[in-house]
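A closer look at the structure
Spelled out, the chains give:
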Amino acid sequence: RAASVTPDQIATLIYTSGTTGKPKGVELLQGAWSYVSAALRSLDVITIDDVQYLWLPMAHVFGSVLVAFQIEVGYVTAVDGNVGKIMENLTAIKPTFMGAVPRIFEKLYAAMAAMAKAGGPEKEAGFAWGVDIGRQYEEALLAGEEPSPELAAQYEQANELVLTPIRAALGGNMRFFISGSAPLAPEVAQFFAAAGMPVLEGYGLTETSAIVTISRPTSLKSGTVGEPHAGTEVMIADDGEIMVRSPAVMNGYRNQPEANEEVFVDGWFATGDIGE
């Protein structure tokens, strides 16, 4: 049965939320998932030695791509649907990466800031100082600059007193996060980057098998969603609409020929989103 599966067969049928009209069944092919998984692997960011913490619903395209990617690479995934216990369970699982939507990062950030505030004015001020030093240090590295001796010394202290405890509160092994579905507040992104756990932001749709672009750890820029995968083309139309041409684009909407005519234009998929 497995041997009979071909890249042009439908693998997944996901119905859109219907926020822009009647829900439409998005047909994603086997070849789309294998392409996205191979493209992600080519970034050489995640390896077989990684451990993923997955709470995202696998009926959603974001969760689906992280499962498909696991099949490609072979890393371990801990599956947990209890959103209310994410922080508690991160310390138990000790994963190396996690995908999430911005509200989860906002909650984690708020929880750790609240813990610092509860410790009194001195601890709250120390927390803010440590995060600021971490931010300056990481920004220097990202810009390809050597941190000054003064900053390096401050970072060593901040890392010991503030940043290491932050990482420990999230399991201690987290290398990075992946964020999608909505914009991430710059303040939140800078907090996690300062603690040595950068958030890689991505952009995609159900119709594009989740990911069109994604940030690389070496080229993070707050407020942007990274670069297209190899083999994926992105074009901005005259009216600002984002157009995508990629092996990850859906086969079409199930039994909706009129809707397909609207979104497929000269070989491009019209996302309905505005970008630059």
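Residues numbered from 1 in each chain as written. Predicted model: local features only at pLDDT ≥ 70, side-chain atom pairs only at ≥ 80, totals over all residues. Heavy atoms only, no water.

Focus on the pairing of strand β7 (residues 199-203)
Within β7, five of the five residues are buried, leaving the element largely enclosed by the surrounding structure. Along β7, one buried face is formed by Val-199, Glu-201 and Tyr-203 and the opposite face, lined by Leu-200 and Gly-202, is buried too. Across three bridges, the pairing between strand β6 (residues 176-179) and β7 is parallel. When the sheet's bridge partners are listed, Ile-178 is paired in β7 with Leu-200. For the handedness criterion, the β-α-β arrangement of β6, helix α7 (residues 186-194) and β7 is classed as right-handed. In terms of strand pairing, β7 meets strand β8 (residues 213-214) through two bridges, oriented antiparallel. Across the sheet, the residue bridging to Tyr-203 is Thr-213, located in β8. (Buried < 20%, exposed > 50% of the residue type's maximum accessible area, 1.4 Å probe, protein only. Helix = DSSP H or I, 4+ residues; strand = E, 2+ residues; numbered from the N terminus. Pairing = 2+ DSSP bridges. Right-handed = clockwise from strand over helix to strand, strands pointing away.)

A few points about empty space enclosed by the protein
Vacant regions in the atomic arrangement are exposed by a probe of water-molecule size rolled over the atoms. Taken as a whole, this structure holds two cavities of 30 Å³ or more when the rule is applied. Of the voids in this model, the largest cavity is the one considered here, and its volume is about 80 Å³. Leu-40, Leu-43, Val-45, Ile-46, Phe-69, Phe-176, Ile-178, Leu-200, Ile-214 and Ser-215 together form the lining of the largest cavity. Here the residues of the lining of the largest cavity sort into nine nonpolar, one polar and no charged. Here the lining of the second largest cavity gets four residues from one element, more than from any other, and that element is helix α2 (residues 61-73). Its residues placed into classes, the lining of the second largest cavity shows eight nonpolar, no polar and no charged. (1 Å grid on protein atoms, 1.4 Å probe; cavity = no way out; pocket = protein on both sides within 12 Å on 5 of 7 lines; lining within 4 Å. Points joined across faces, edges and corners; volume = space filled by probe spheres on them. Nonpolar A, V, L, I, M, F, W, Y, C, P; charged D, E, K, R; others polar.)

Some words on the packing of aromatic side chains
One pass over the full model with this rule turns up eleven aromatic pairs. With centroids separated by 5.3 Å and ring planes inclined at 85°, the aromatic side chains of Tyr-75 and Phe-97 adopt a geometry described as edge-to-face. Here the residue Tyr-75 occupies a position in the loop between α2 and β4 (76-79), and Phe-97 occupies one in strand β5 (residues 97-100), the gap between them amounting to 22 residues. Here the two residues Tyr-75 and Phe-97 agree in accessibility, since each one is buried. Plain terms: the ring middles of Phe-177 and Phe-192 are 5.3 Å apart, the flat faces sit at 75° to each other, and that makes the pair edge-to-face. Of the two residues, Phe-177 is situated in strand β6 and Phe-192 in helix α7; the sequence distance between them amounts to 15 residues. You can call Phe-192 buried: its relative accessible area is 0%. Each member of the aromatic cluster is reached from another via a ring pair, and the members are Phe-105, Tyr-109, Phe-127, Phe-177, Phe-191 and Phe-192. The aromatic ring of Tyr-253 is capped on one face by Lys-24, whose charged end is 5.1 Å from the ring centroid. (Phe/Tyr/Trp six-rings, centres within 6.5 Å; stacked < 30°, edge-to-face > 60°. Lys NZ or Arg CZ within 6 Å of the ring centre and 35° of its normal.)

Things to note about the side chain of Lys-24
As for its placement among the helices and strands, Lys-24 is situated in the loop between β1 (10-15) and β2 (25-29). Buried and without a salt bridge, Lys-24 has Glu-207 as its closest oppositely charged side chain, separated by 6.0 Å. Once you skip the residues sitting within four places of it in the chain, Lys-24 turns out to touch Ile-14, Tyr-15, Thr-16, Tyr-253, Gln-256 and Ala-259. (Lys, Arg positive; Asp, Glu negative; His and termini not counted. Salt bridge = Lys/Arg side-chain N within 4 Å of Asp/Glu carboxyl O. Contact = heavy atoms within 4.5 Å.)

A closer look at the pairing of β5
Neither face of β5 is open: one carries Phe-97 and Gly-99, the other Met-98 and Ala-100, and all of them are buried. For strand β3 (residues 51-54) and β5, the ladder comprises two bridges, and the chain directions are parallel. Counterpart to Gln-52 in the pairing with β5 is Phe-97. Relative to β6, β5 runs parallel, the two being bridged by four bridges. Each residue of the ladder has a partner; that of Ala-100, found in β6, is Ser-179.

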